[in-house]
Amino acid sequence: MEQYDLLYRLYEDSETETLRELQNFVDLFPPVDSRIALDYWQDASDELEKRKGEIRSSFAAGETFAEIAARATRDQTFTALDLHSKYGRAVNALVLDVDETLRSAGRTDNEIPRDTLHLLTEFHEAGVPIVICTGQTLENVKGFTIQGLGNELVHSGTVSIVYEAGTGVFTPGHGSTTKQLLYEELDESVREVFSEVRSRVLPQAPDDLRESVHLQGNEFNITLKPNFDIGSDPAAEVIDRGLRYLVDLLGGAVAAAVKGVDVDDGEEWSRAYYAAADPEVADVLAAEGAAPETAADDVPEQVAALFDRIDVAYYHADAAEIGSLELNKPNGVRAALDVLSVDDPFVLVMGDSKSDLRVMQWAEEADAGIAAAPEHASEDVLAHVRDTDELVYDRGDAASMLRIAYVLNLLDEH
């Protein structure tokens, strides 16, 4: 209670809102070649230091409290205090999805906000490794990560990229373990199915579908993306058709890989298996006139065993994807943390989709971290986050959650 009372006094006695405004101004002031602008920045910096000095002289843990007041609101600070009381640990790595987590097409113009980027550099300077964990291709992720955080930080040896939802891990500065192609460890039977589907997915697509989608440039996963704005009605329509097409194509490839079964039944088996596995897939297949007429239990055992290793993912108005269930974000994150030498992880996981949920569930089950999600995340993700620590933040405001984690770490040092 003593720490609670001291923090309560901090926010009661200090003009913390002004302090935060000064800190944000000093942190985010753009580089300009203007004497007047630089003088203005210096005045703000001097005022910030003066106000922090007043807090330092008023509390025994003045340095820590001054940083807390300058970085976080009262609510954010007390959320961090509750987390520290519950777990008694600092966050020793960040595991971050990107799209609709760090950035939002609907709120941040699909750019990672400057305050979010700055907070990531603050964690980096504090020695906290950053794991970017996304379904995007490595080249895409490297591009915007270097643009946002800078080449030096990305290649510092404390940043790792888990790409294509766990098919590979890229950790610059680590010699032979810099790039790990996790998909190369899969059985040949699984890799052959993916090779078969990839070779046929666009050449054999119906003309209207082929003209409306493109194949994301993955190293392994097979992802159909719309040639329309993500989230739009045309994108939703074409991705629904694309999902049905992928399910059928996968069924044929799997049946062809299993000896002694009729290849012509592959499409029906695939529809039955994946409709039973995922209600969203079942709904899309039904709407597309492809509801299965066979029960999942009637799928031949050898065929089902191969389906058990292959994931079909549906992202409304965004993507339809085939991936490996043995290659997922949790496996990629564990591989990244191993390279980064995070031996006893307690991570902050931030994400919005089913693939992120798997990382959150791993963190909970292994007592290895906490989970946060934007308010527009999938229902399953939100249910998990609300059932654990209720760390839900506004769309496009990942910075608020990063501030909570930053204060949690400051409190752990105190």
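Here the structure is shown first, and the text comes after it.
None of these values were measured; they are calculated from a predicted model.

S.K.: Hey, could you go over the sheet that holds strand β1 (residues 93-96) for me, with residue numbers and the actual values?
M.R.: A sheet is described by the order of its strands in space; here 8 strands give the open sequence β5-β4-β3-β2-β1-β10-β11-β12, paired in mixed fashion. Both edges of this open sheet fall to β5 (179-181) and β12 (392-393), since each of them pairs with a single strand only. Note: β1 against strand β2 (residues 130-133), 3 bridges, orientation parallel. Residue pairing in the sheet places Leu96 in a bridge with Ile132 of β2. Most of the contacts of helix α18 (residues 398-413) go to strand β10 (residues 347-350), to which it runs at about 170°, and overall it touches β1, β10, β11 (369-374) and β12.

S.K.: Residue-level account of the pairing of strand β3 (residues 159-163), with values.
M.R.: Burial within β3 is extensive, with 5 of its 5 residues counted as buried. Alternating positions in β3 separate into two faces, Val159, Ile161 and Tyr163 on one and Ser160 and Val162 on the other, with burial throughout. Here β3 runs beside strand β4 (residues 168-170); their pairing, made up of 3 bridges, is antiparallel. Across the sheet, Val162 pairs through a bridge with Val169, a residue of β4. Hairpin connection of β3 to β4: 4 residues between the antiparallel strands, including Glu164 at a positive phi of 50°.

S.K.: Account for the packing of aromatic side chains, naming residues and giving values.
M.R.: Inspection of every chain in the model, using the stated rule, returns 11 aromatic pairs. The interplanar angle of 65° and the centroid separation of 5.3 Å between the aromatic rings of Phe25 and Tyr40 together place this pair among those described as edge-to-face. In this pair, Phe25 is assigned in helix α2 (residues 16-28) and Tyr40 in helix α3 (residues 35-56), connecting sequence segments 15 residues apart. For Phe25, a relative accessible area of 27% corresponds to the partly exposed category.

S.K.: Hey, could you go over the pattern of salt bridges for me, with residue numbers and the actual values?
M.R.: Applying the stated criterion to the full structure yields 28 salt bridges. Across the pair Glu12 and Arg74 runs a salt bridge whose closest N-O atoms are separated by 3.3 Å. Pair noted here: Glu12 is in helix α1 (residues 2-13) and Arg74 is in helix α5 (residues 74-87), with a separation of 62 residues, a long-range link. By relative accessible area, which is 44% here, Glu12 ends up partly exposed. Across the pair Arg309 and Glu326 runs a salt bridge, and its minimum N-O distance is 2.8 Å. Residue Arg309 is found in the loop between α14 (301-307) and β8 (310-315), and its partner Glu326 is found in the loop between β9 (319-324) and α15 (329-339); the two are separated by 17 residues along the sequence.

S.K.: Could you give an account of the sheet that holds β9, naming the residues involved and the relevant values?
M.R.: Ordered by their spatial adjacency, 4 strands build an open sheet running β6-β7-β9-β8, and the pairing between neighbours is antiparallel. On the outer flanks of this sheet lie β6 (213-215) and β8, each paired with one strand and no other. With strand direction ignored, the average angle separating the axes of adjacent strands in the sheet is 20°. In terms of strand pairing, strand β7 (residues 222-226) meets β9 through 3 bridges, oriented antiparallel. Residue pairing in the sheet places Leu224 in a bridge with Ala320 of β9.

S.K.: Can you break down the nonpolar core residue by residue, with the values?
M.R.: Within the largest apolar cluster, 134 residues are counted, with the highest numbers of intra-cluster contacts made by Leu94, Leu250 and Leu348. Residue contacts for Leu250: discarding those within four places in its chain leaves Val193, Val197, Ser270, Tyr274, Phe307, Ile310, Val312 and Ile322.

S.K.: Talk me through the pairing of β10; I want residue IDs and the actual numbers.
M.R.: Going residue by residue along β10, you find Val347 and Val349 tucked away on one face and Leu348 and Met350 tucked away on the opposite face as well. One ladder, built from 4 bridges, connects β1 with β10; its direction is parallel. By the bridge assignment, Leu96 is partnered in β10 with Met350. Pairing analysis gives 4 bridges linking β10 to β11, with the strands arranged parallel.

S.K.: Provide a residue-level description of the packing of α3 against helix α4 (residues 62-71), including the pertinent values.
M.R.: At their nearest, the axes of α3 and α4 sit 8 Å apart, and the two run at 130° to each other. Considering the angle they form, α3 stands oblique to α4. Viewed along their axes, α3 and α4 form a crossing whose handedness is right-handed. Of α4, the residues touching α3 (which contributes Lys52, Ile55 and Arg56) are Gly62, Glu63, Phe65, Ala66, Glu67, Ala69 and Ala70.

S.K.: If you had to explain the side chain of Arg271 to someone new, which residues and values would you point to?
M.R.: Of note, Arg271 is situated in helix α12 (residues 266-277). Setting aside residues up to four positions removed in sequence, Arg271 forms contacts with Arg244, Val247, Asp248, Leu285, Ala290 and Pro292.

S.K.: Account for a negative patch on the surface, naming residues and giving values.
M.R.: A cluster of acidic residues, Asp262, Asp264, Asp265 and Glu267, forms a negative patch on the protein surface. The topology assignment puts Asp265 in the loop between α11 (233-257) and α12.

S.K.: If you had to explain the side chain of Thr16 to someone new, which residues and values would you point to?
M.R.: By the element assignment, Thr16 lies in helix α2. For Thr16, a relative accessible area of 8% gives the class buried. Not counting residues up to four positions away in its chain, the partners in contact with Thr16 are Leu10, Tyr11 and Ala69.

S.K.: Break down α15 for me, citing the residues and quoting the values.
M.R.: Within α15, 8 of the 11 residues are buried, which leaves the element mostly enclosed by the surrounding structure. When we look at burial in α15, the residues that qualify are Lys329, Pro330, Gly332, Val333, Ala335, Ala336, Leu337 and Val339. Here α15 starts with a cap whose side-chain oxygen sits 3.0 Å from the backbone nitrogen of Asn331, and that cap is Asn328.

S.K.: Which residues make up the packing of α11 against α12, and what are the values?
M.R.: Relative placement of two packed helices is described by the angle separating their axes and the distance separating the axes. Contact geometry of α11 with α12 gives a least axis separation of 7 Å together with a crossing angle of 120°. The pairing of α11 with α12 is recorded here as oblique in orientation. Relative to α12, α11 is oriented so that their crossing is right-handed. For the pair α11 and α12, the contacting residues are Arg244, Val247, Asp248, Leu250, Gly251, Gly252 and Ala255 in the first and Gly266, Glu267, Trp269, Ser270, Arg271 and Tyr274 in the second. When the residues that make up the contact of α11 with α12 are grouped by side-chain class, the tally is 5 nonpolar, 4 polar and 4 charged.

What counts, and where the lines are drawn
- Residues numbered from 1 in each chain as written.
- Predicted model: local features only at pLDDT ≥ 70, side-chain atom pairs only at ≥ 80, totals over all residues.
- Heavy atoms only, no water.
- Pairing = 2+ DSSP bridges.
- Helix = DSSP H or I, 4+ residues; strand = E, 2+ residues; numbered from the N terminus.
- Contact = heavy atoms within 4.5 Å.
- Axes fitted to C-alpha atoms, helices over the stretch in contact; angles between N-to-C directions.
- Buried < 20%, exposed > 50% of the residue type's maximum accessible area, 1.4 Å probe, protein only.
- Phe/Tyr/Trp six-rings, centres within 6.5 Å; stacked < 30°, edge-to-face > 60°.
- Salt bridge = Lys/Arg side-chain N within 4 Å of Asp/Glu carboxyl O.
- Core = buried A, V, L, I, M, F, W, Y, C linked by side-chain atoms within 4.5 Å.
- Parallel < 35°, antiparallel > 145°, perpendicular 65-115°, else oblique.
- Left-handed = near helix turned anticlockwise from the far one by under 90°.
- Patch = residues over 30% accessible without salt bridge, like charges linked within 9 Å, V, L, I, M, F, W, Y side chains within 5 Å.
- Areas by Shrake-Rupley, 256 points an atom, 1.4 Å probe, with all protein chains shown as cover.
- Lys, Arg positive; Asp, Glu negative; His and termini not counted.
- Charge placed at Lys NZ, Arg CZ, Asp CG, Glu CD.
- Polar contact = N/O pair within 3.5 Å; in protein donor to acceptor, adjacent residues only side chain to side chain.
- Nonpolar A, V, L, I, M, F, W, Y, C, P; charged D, E, K, R; others polar.

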